[in-house]
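Okay, here's what each chain looks like letter by letter:
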Amino acid sequence: MNSANCHVAIVGTGPAGFYTAEALADNPAVRIDMIDRLPTPYGLIRGGVAPDHQSIKAVARRYEKTALRKNVRFLGNLTVGCDVGIEELLALYDAVVLATGAPEDRPLGIPGADLPGVVGSAAFVGWYNSHPDFADLDIDLDTASVAVIGNGNVALDVARILAKTPDEMAQSDIAPYAVERIARAPIRDIHIFGRRGPLQAHFTPKELGEMGELERAVPLVDPQQLPDEEEEATLEPARRKIISILRDFSRNRPDDKPLHVHFRFFAQPVEIMGSERVCCMRLEHTRLEGERAVGTGRFFEVPCGLVIPCIGYRTSPIPGVPYDERAGRFVNEEGLIGERLYCVGWARRGPTGTIGTNRPDGAAIAARICEEVTPSGREGGAGLDRLIAARGLEVVRFSDWQRIDAAECAAATPPHPRLKFAHITDMLEAAREKRLAD
Ligand SMILES: Cc1cc2nc3c(=O)[nH]c(=O)nc-3n(C[C@H](O)[C@H](O)[C@H](O)COP(=O)(O)OP(=O)(O)OC[C@H]3O[C@@H](n4cnc5c(N)ncnc54)[C@H](O)[C@@H]3O)c2cc1C
């Protein structure tokens, strides 16, 4: 890269966007605009990570430092592909990085999956996290039994939030309407179904262990579904830990607590039944062929009034950006989509890994940009500002977000850390009101 200013637009301000900005910002010749469709930064840290896992959300403090760097700007409430086109960004900036994540649920693809009462985890998690896309969902929890499909940490998050009491959520920033609905719900059984076995589950020990510490819920496992102790002894330590936790759960008794969380392995959903809404799910027992689950031809049914598939996510397409329908993400080679257009994080590699996985990803894309992009007098942010003004768009700057943040923290009843705004209009109003007051 030569010494002229290099203008980079990063679209999406989740972990991947921030780690990319962090790696680029050390070079003072780089000017970075971070754009988000929401008035709030941090992506899934705010809208996905469980509200009772505040220590994980604290990573936002690191991102804040990057946002406050002299050569970094935040522009929220601006949707790329709608308010501003990708071609327009490419005309203004020397490089554009798509860090838009994977916000859509992967379809379940079985009969009945569209019935009322089937709520994908993106929607369900967004609902309890006050995400403006999902805050107004009318989720009917008036059921004794819930089916959660999937064997990853998102399935554990969903089951745990449904199982916790209001007291257990007191230190969280969960949406108050969600706590209230969950407290009133007559749920007695939460089933967590996995197509494969406990050796293939993607749970992590800490999150799995938390299921054993719930006030009103007891986790239950059929010991027959666990590997024998001889096999357990040969496992690598992390996997052995998972099996040992599940074995502890298998010793629990259902009458220990009123709410039962059933871990049910080797079971694949084949149909969701109901007329007006879900009433039952039909599943097939499976067995493993290598690492693949195959049906055994033996079926069973589980009554349930709510089904929450936690089976993965897809990136939302953006007009003008090549998209791989099968993989559900942008077509890219090691993060390169086309000339000066890159992607990073979940938009690049799909919905896998932890927050930290996005860090090397962001650093690698930043290094590529420094190597491949030659600044050529493009206007960068000044041009975007003009376009925003001409279109009469209300964009949220980082100082506006700080006002929204302060208003949310001030509105919380301790020990809740914050009371989130769930609607964009309220966020914008808080930014405006406070702006006038300052
Ligand atoms: C329910 C859930 C819980 C999780 N819990 C944990 C956990 O406890 N620990 C952990 O390590 N990992 C966790 N993860 C994984 C972690 O959240 C991801 O690895 C990470 O957020 C992916 O980062 P990203 O930047 O690619 O996407 P995201 O975090 O999704 O960020 C994408 C951003 O792009 C913005 N955007 C999208 N489209 C546009 C557009 N067209 N224009 C402008 N902006 C746009 C979005 O508003 C969003 O801010 C969890 C994931 C989920 C789904």
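This text gives an overview of the structure that appears in the document. (Residues numbered from 1 in each chain as written. Predicted model: local features only at pLDDT ≥ 70, side-chain atom pairs only at ≥ 80, totals over all residues. Heavy atoms only, no water.)

1. A closer look at the packing of aromatic side chains
- All told, the structure shown has 13 aromatic pairs when counted by the stated rule.
- Arranged with centres 6.0 Å apart and planes meeting at 85 degrees, the rings of Tyr42 and Trp401 form a pair that is edge-to-face. In this pair, Tyr42 is assigned in the loop between β2 (30-35) and α2 (44-47) and Trp401 in helix α15 (residues 398-411), connecting sequence segments 359 residues apart. Considered together, Tyr42 and Trp401 belong to a single accessibility category, that of buried residues.
- When the ring of Phe203 is compared with that of Phe263, the centres are 5.8 Å apart and the planes differ by 80 degrees; the resulting orientation is edge-to-face. Remark: Phe263 occurs in strand β9 (residues 259-264) and Phe203 occurs in the loop between β7 (189-193) and α9 (205-210); sequence separation between them is 60 residues.
- In this structure Phe203 comes out as buried when scored by relative accessible area, which is 4%.
- A cation over a ring is seen here: Arg282 above Phe299, with NZ or CZ 4.5 Å from the ring centre. (Phe/Tyr/Trp six-rings, centres within 6.5 Å; stacked < 30°, edge-to-face > 60°. Helix = DSSP H or I, 4+ residues; strand = E, 2+ residues; numbered from the N terminus. Buried < 20%, exposed > 50% of the residue type's maximum accessible area, 1.4 Å probe, protein only. Lys NZ or Arg CZ within 6 Å of the ring centre and 35° of its normal.)

2. Focus on the sheet that holds strand β17 (residues 336-338)
- Across the sheet, which stays open at both edges, the six strands sit in the order β3-β2-β1-β4-β18-β17 with mixed pairing between neighbours. Each of the sheet's edge strands pairs with one partner strand only, and the pair in question is β3 (72-75) and β17. Pairs of neighbouring strands in the sheet enclose a mean axial angle of 25 degrees, with direction left out of account.
- Pairing analysis gives three bridges linking strand β4 (residues 95-98) to strand β18 (residues 341-343), with the strands arranged parallel. Along β18, the bridge assignment pairs Leu98 with Cys343.
- Across the sheet, helix α13 (residues 358-372) is in contact with β1 (6-11), β4, β17 and β18; its angle to β18 comes to roughly 165 degrees.
- Strands in contact with helix α14 (residues 381-390) are β1, β2 and β3; relative to β3, the strand with the most contacts, it is inclined by about 20 degrees. (Pairing = 2+ DSSP bridges. Axes fitted to C-alpha atoms, helices over the stretch in contact; angles between N-to-C directions. Contact = heavy atoms within 4.5 Å.)

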